[in-house]
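Structure assessment
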Amino acid sequence: MLFPLALAQFICSFAGSNMNVMINDISRDLDTTVEGVQVAITVFLLVMAALMIPGGKLTDRYGRKRCLLAGLLIYGLGALLSAVSPGLGVLILGNSILEGVGTALLIPPVYILTTLLFTETASRARAFGAIMAFGGVGAAAGPLIGGLITSVLGWRAAFVFQALVIVLIIFLSREIKDPLPPDPTSPFDVRGAILSAVGLVLVVSGILAAKTDLWLMLALLVAGALVLTWFFGWIRARERAGEEPLLSTSLFRDRTSNLGLVTQNVQWLVLMGTSFTVAAYLQVVRGYDAIQTGVIFTAATLGLLATSLMAERLAERRSQRTLIVTGFAVTVAGIVLLLALVGGSPSPWAFAPGLLLIGLGIGLMLTPSVNIVQSAFGEDRQGEISGLSRSVSNLGSSLGTAIAGTILVAGLTTHAYAAAMLTLAAFALLGLSTALFLGPGPR
């Protein structure tokens, strides 16, 4: 039962990073720009983040297994549409919209089912370790796998690959049983879903607008903040009226869970921001092709895989807080190495030590961050907290790509690369500072 769930996380993470090595190929084939491809990547991540909370809530009403299968089917349709897209608009519809909606439906059930099926801390850590390993490797190995497919068969074949994996997941999911029956009477807060989605879209759009119009950026960020404030006011009003909101405010009353959510957001921000920054720099500035770029990312993949697969053993020996703090420290060291070695060497292998450390650091803390958040609530709250957790993580991915991409597109030079990596290092230090205030977490 665990393998198809982990494979579902793999393909969604793969989709978020594999396009990074296709930037030149897609822009040439579809007669668009690097900025256009960046928008497609960011919109995909943003749709996931904006709809993940509603997606988690729908699992209570329609059942986790049913939402999982519906998400897989929508995702597969989006992958096939992307494979035959004649222009950027159709690519955004297939990859950014349909695959994003499909992911928002299928990912919350992955984490809810895992939490319900694995009840002991050690077994849950092992299960989440496998899922996060698949997810992390999907994100880190996306450039390598995507590069290989693009170089041999073309970038469109990478989307066909995604569709084939979706078919495999649907086949393997036959034996998964939903531990809880669906509740068709469970209310769904439509206004709350719209407000949360619009608020998140405005915030990320504001960041994307920074490279063209600072006043537009400011207007979008203020509008996003106002809509999100409206959203929180709305759900509080529903709670006071005795109605069920999209997201219970009580989810934010657990201090450890709140800090864990921040660390999740920063982890994915740094991972996806680094992936986009290094991939864009290698292709646009140094002129590397897709497969050369993908091979360089192997170091990050190996590091992430090594520490993710040790999640159960590490959880037995060290507290969750220790693992997260150490992970951020190693990640910061990796970014420092990327800055120090790449600027002084034309060799592509100058990227390897830094990417290896980043992979080791991210892999070390992905599982404990998820475990801390999911374990803070009982079975009756898993739909809500899983949607919130995945939304926060995917918002981090969106912000990482948007922030790093905005800095790079503004001036694809060595200085722009350094500025993007320094910004990501600052976020990693923020994550480290937050992790220091965590409790030990479940053991």
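Please refer to the structure placed before this passage.
Quick notes on the rules
- Residues numbered from 1 in each chain as written.
- Predicted model: local features only at pLDDT ≥ 70, side-chain atom pairs only at ≥ 80, totals over all residues.
- Heavy atoms only, no water.
- Buried < 20%, exposed > 50% of the residue type's maximum accessible area, 1.4 Å probe, protein only.
- Helix = DSSP H or I, 4+ residues; strand = E, 2+ residues; numbered from the N terminus.
- Expected span 1.5 Å × (residues − 1).
- Bend = angle between axes of the 7 residues up to and from the residue.
- Patch = residues over 30% accessible without salt bridge, like charges linked within 9 Å, V, L, I, M, F, W, Y side chains within 5 Å.
- Areas by Shrake-Rupley, 256 points an atom, 1.4 Å probe, with all protein chains shown as cover.
- Salt bridge = Lys/Arg side-chain N within 4 Å of Asp/Glu carboxyl O.
- Phe/Tyr/Trp six-rings, centres within 6.5 Å; stacked < 30°, edge-to-face > 60°.
- Lys NZ or Arg CZ within 6 Å of the ring centre and 35° of its normal.
- Core = buried A, V, L, I, M, F, W, Y, C linked by side-chain atoms within 4.5 Å.
- Contact = heavy atoms within 4.5 Å.
- Axes fitted to C-alpha atoms, helices over the stretch in contact; angles between N-to-C directions.
- Left-handed = near helix turned anticlockwise from the far one by under 90°.
- Nonpolar A, V, L, I, M, F, W, Y, C, P; charged D, E, K, R; others polar.

1. Quick notes on unusual backbone geometry
One non-glycine residue, D31, lies in positive phi territory at about 55°. A relative accessible area of 71% places D31 in the exposed class.

2. Comments concerning helix α3 (residues 34-62)
Between its terminal C-alpha atoms α3 stretches 40 Å, which fits the 42 Å expected from 29 residues at 1.5 Å a residue. Within α3, the axis deviates most sharply at M52, by approximately 45°, and proline P54 lies no more than four positions further along. Within α3, 21 of the 29 residues are buried, leaving the element largely enclosed by the surrounding structure. Backbone geometry just downstream of α3 places G63 in the positive-phi region, at approximately 100°.

3. Section: a nonpolar patch on the surface
Residues W215, L218, V222 and L226 make up a contiguous nonpolar surface patch of roughly 470 Å² in combined accessible area. Inspection of the secondary structure assignment puts L218 in helix α9 (residues 214-240). Overall, the relative accessible area of 41% leaves L218 in the partly exposed class.

4. Points about the environment of T212
Inspection of the secondary structure assignment puts T212 in the loop between α8 (190-208) and α9. For T212, a relative accessible area of 59% corresponds to the exposed category. For the pair formed by T212 and T406, sequence separation is 194 residues and the distance between their alpha carbons is 9.2 Å.

5. Quick look at the packing of aromatic side chains
Under the defined criterion, the tally for this structure stands at 9 aromatic pairs. Here R174 stacks its cationic end above the ring of F171, 4.1 Å away from the centre of that ring. Above the ring of W234, the side-chain terminus of R191 is found at 4.3 Å from the ring centroid.

6. Comments concerning the nonpolar core
Ranked by internal contacts, the top residues of the largest apolar core, which has 104 residues, are I11, M19, L338, F351 and L355. When residues in this core are grouped by element, the largest group, 13 residues, is from helix α10 (residues 255-285). Leave out the neighbours within four places in its chain, and L338 touches T274, V278, F351, G354, L355, I358, Y417 and M421. Counting 18 residues, the second-largest nonpolar core is a separate cluster that includes A193, L202, L251 and I385.

7. What about the packing of helix α1 (residues 2-17) against helix α5 (residues 88-117)?
Relative to each other, α1 and α5 sit at 145°, their axes nearing to 10 Å. In the packing of α1 onto α5, the handedness of the crossing is left-handed. Where α1 abuts α5, its residues L5, A8, Q9, C12 and A15 lie against E99, T103, L106, I107, V110, Y111, L113 and T114. Residues belonging to the contact of α1 with α5 are distributed by class as follows: 9 nonpolar, 3 polar and 1 charged.

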